[in-house]
Amino acid sequence: MDSLFNILSNAPAPAAVPPGAYPRPSWLRVRFFGGENYQELKRIMRTLNLHTVCESARCPNMGECWEHGTATFMILGNICTRACGFCAVPSGKPLGPPDEQEPERVAEAVERMGLRYAVVTSVNRDDQPDGGAAIFARTITRIRERVPGCRVEVLIPDFRGDWSALETLVSARPDVLNHNMETVPRLYRRVRKGAVYERSLELLRRAGEMAPGIPTKTGMMLGLGESRDEVISAMEEIAAQGTHILTLGQYLQPTPEHLPVERFVHPDEFAEYKQLGEQIGIKHVESGPLVRSSYHAFEQEESARS
């Protein structure tokens, strides 16, 4: 199965970055796909009123992923209670509590799309006592009930360090538990407002301790001003938590209002990080300019368990 899972969106696309705002090298050129599968996936998402973030995040793989009929579902609404400098998802105060029927609609979409591997992520819901963990758990359960045999990966927020919320989610036994570090510690206050580097490391460690049989995963964006030494140091700390899978990709500015690209990282440097990451004990490293958090998710899970 070709499974280029990525975060998708049904929100209106933001204004395009003006041509020439920053020169994009040749290795970041992507082909856009817009065939029948793309249109069918778009129709399913709209019909079931499911939130996704690919369009608003301007994911470079969106056309390819949609054409392959793959998706990462975004639950808990489409308003994030945080305003990270890299992310184009709308932020503010959510209009109400999470939709209790959303897990059923996600499961229906998974069934209609014929997925063998589904990825579920969310906005941050710091307004909720459990950060939305119970809705995550029910979504996993409903997918499994409706599509027996379908594997489910979750990309979760930090739940503000509420480890009982993490335990609620882990008890639903996702096939992969992903929580993105996003960047190196020095850049956290600028890049990832409301998050704490050490707390995210602890989440990865605790998840592994709660369920040793579930692969843990994280991802980082490069090109935000981090140094090579900082990347390697972060990779070593990630490995020390027992993390099984790491994704590394190039940060791309989604709109002119977001953080600028400081540097385009050459594919050879990404290849070096892959080699180094696996040498320090991370079982699978997916590293390249167009890699996103759920890139080749199905293959990553297979590799982590082998």
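Residues numbered from 1 in each chain as written. Predicted model: local features only at pLDDT ≥ 70, side-chain atom pairs only at ≥ 80, totals over all residues. Heavy atoms only, no water.

1. Structural notes on the sheet that holds strand β6 (residues 245–250)
Strands sit in the order β1-β2-β3-β4-β5-β6-β7 across an open sheet of seven strands; the sheet is parallel. What marks the edges here is a single partner per strand, and that holds for β1 (72–75) and β7 (284–287). The average angle at which neighbouring strand axes cross in this sheet is 20°, direction not considered. Packing of helix α4 (residues 102–113) onto the sheet brings it into contact with β1 and β2 (117–122), and relative to β1 it is tilted by some 170°. Against the sheet, helix α8 (residues 197–210) engages β4 (176–178) and β5 (216–222), with an angle of about 160° to β5. (Pairing = 2+ DSSP bridges. Helix = DSSP H or I, 4+ residues; strand = E, 2+ residues; numbered from the N terminus. Axes fitted to C-alpha atoms, helices over the stretch in contact; angles between N-to-C directions. Contact = heavy atoms within 4.5 Å.)

2. Notes on the pattern of salt bridges
Under the definition given, this model contains 21 salt bridges. The partner of R199 in a salt bridge is D158, and the shortest N-O contact between them spans 3.1 Å. With R199 in helix α8 and D158 in the loop between β3 (151–155) and α6 (163–170), the pair connects residues that are 41 residues apart, well separated along the chain. Residues R199 and D158 agree in their burial class; the two are buried. Among the charged side chains, a salt-bridge network with shared partners connects R82, D126, D158, R160 and R199. (Salt bridge = Lys/Arg side-chain N within 4 Å of Asp/Glu carboxyl O. Buried < 20%, exposed > 50% of the residue type's maximum accessible area, 1.4 Å probe, protein only.)

3. Observations regarding the packing of helix α5 (residues 133–146) against α6
Direction vectors running N to C along α5 and α6 enclose 10°, while the axes themselves pass 8 Å from each other. Classified by the angle between their axes, α5 and α6 sit roughly parallel to one another. Counting all contacts with α5, which are made through A133, A134, F136, A137 and I140, the residues of α6 involved are A165, T168 and L169. (Parallel < 35°, antiparallel > 145°, perpendicular 65-115°, else oblique.)

4. Here's the deal with the pairing of β1
Neither face of β1 is left uncovered, since the one carrying T72 and M74 and the one carrying F73 and I75 both have all their residues buried. For β1 and β2, the ladder comprises four bridges, and the chain directions are parallel. Across the sheet, residue I75 finds its bridge partner in β2, namely S122. What joins β1 to β2 is α4, and the crossover it makes is right-handed. (Right-handed = clockwise from strand over helix to strand, strands pointing away.)

5. Structural notes on α5
Note that an α-helix has 3.6 residues per turn; residues three or four places apart therefore point the same way. With 14 residues, α5 extends 20 Å from end C-alpha to end C-alpha; this agrees with the ideal 20 Å at 1.5 Å per step. All buried positions along α5 are accounted for by A133, I135, F136, A137, T139, I140 and I143. Looking at the packing, one finds that the buried side of α5 touches β1, α4, β2, β3 and α6. (Expected span 1.5 Å × (residues − 1).)

6. A word on the layout of surface pockets
Approximately 220 Å³ is the volume found for the second largest pocket. Looking at the second largest pocket, it is lined by 15 residues, and the ones nearest its centre are H51, L76, G77, N78 and R125. A breakdown of the residues in the lining of the second largest pocket according to their chemical character gives six nonpolar, five polar and four charged. (1 Å grid on protein atoms, 1.4 Å probe; cavity = no way out; pocket = protein on both sides within 12 Å on 5 of 7 lines; lining within 4 Å. Points joined across faces, edges and corners; volume = space filled by probe spheres on them. Nonpolar A, V, L, I, M, F, W, Y, C, P; charged D, E, K, R; others polar.)

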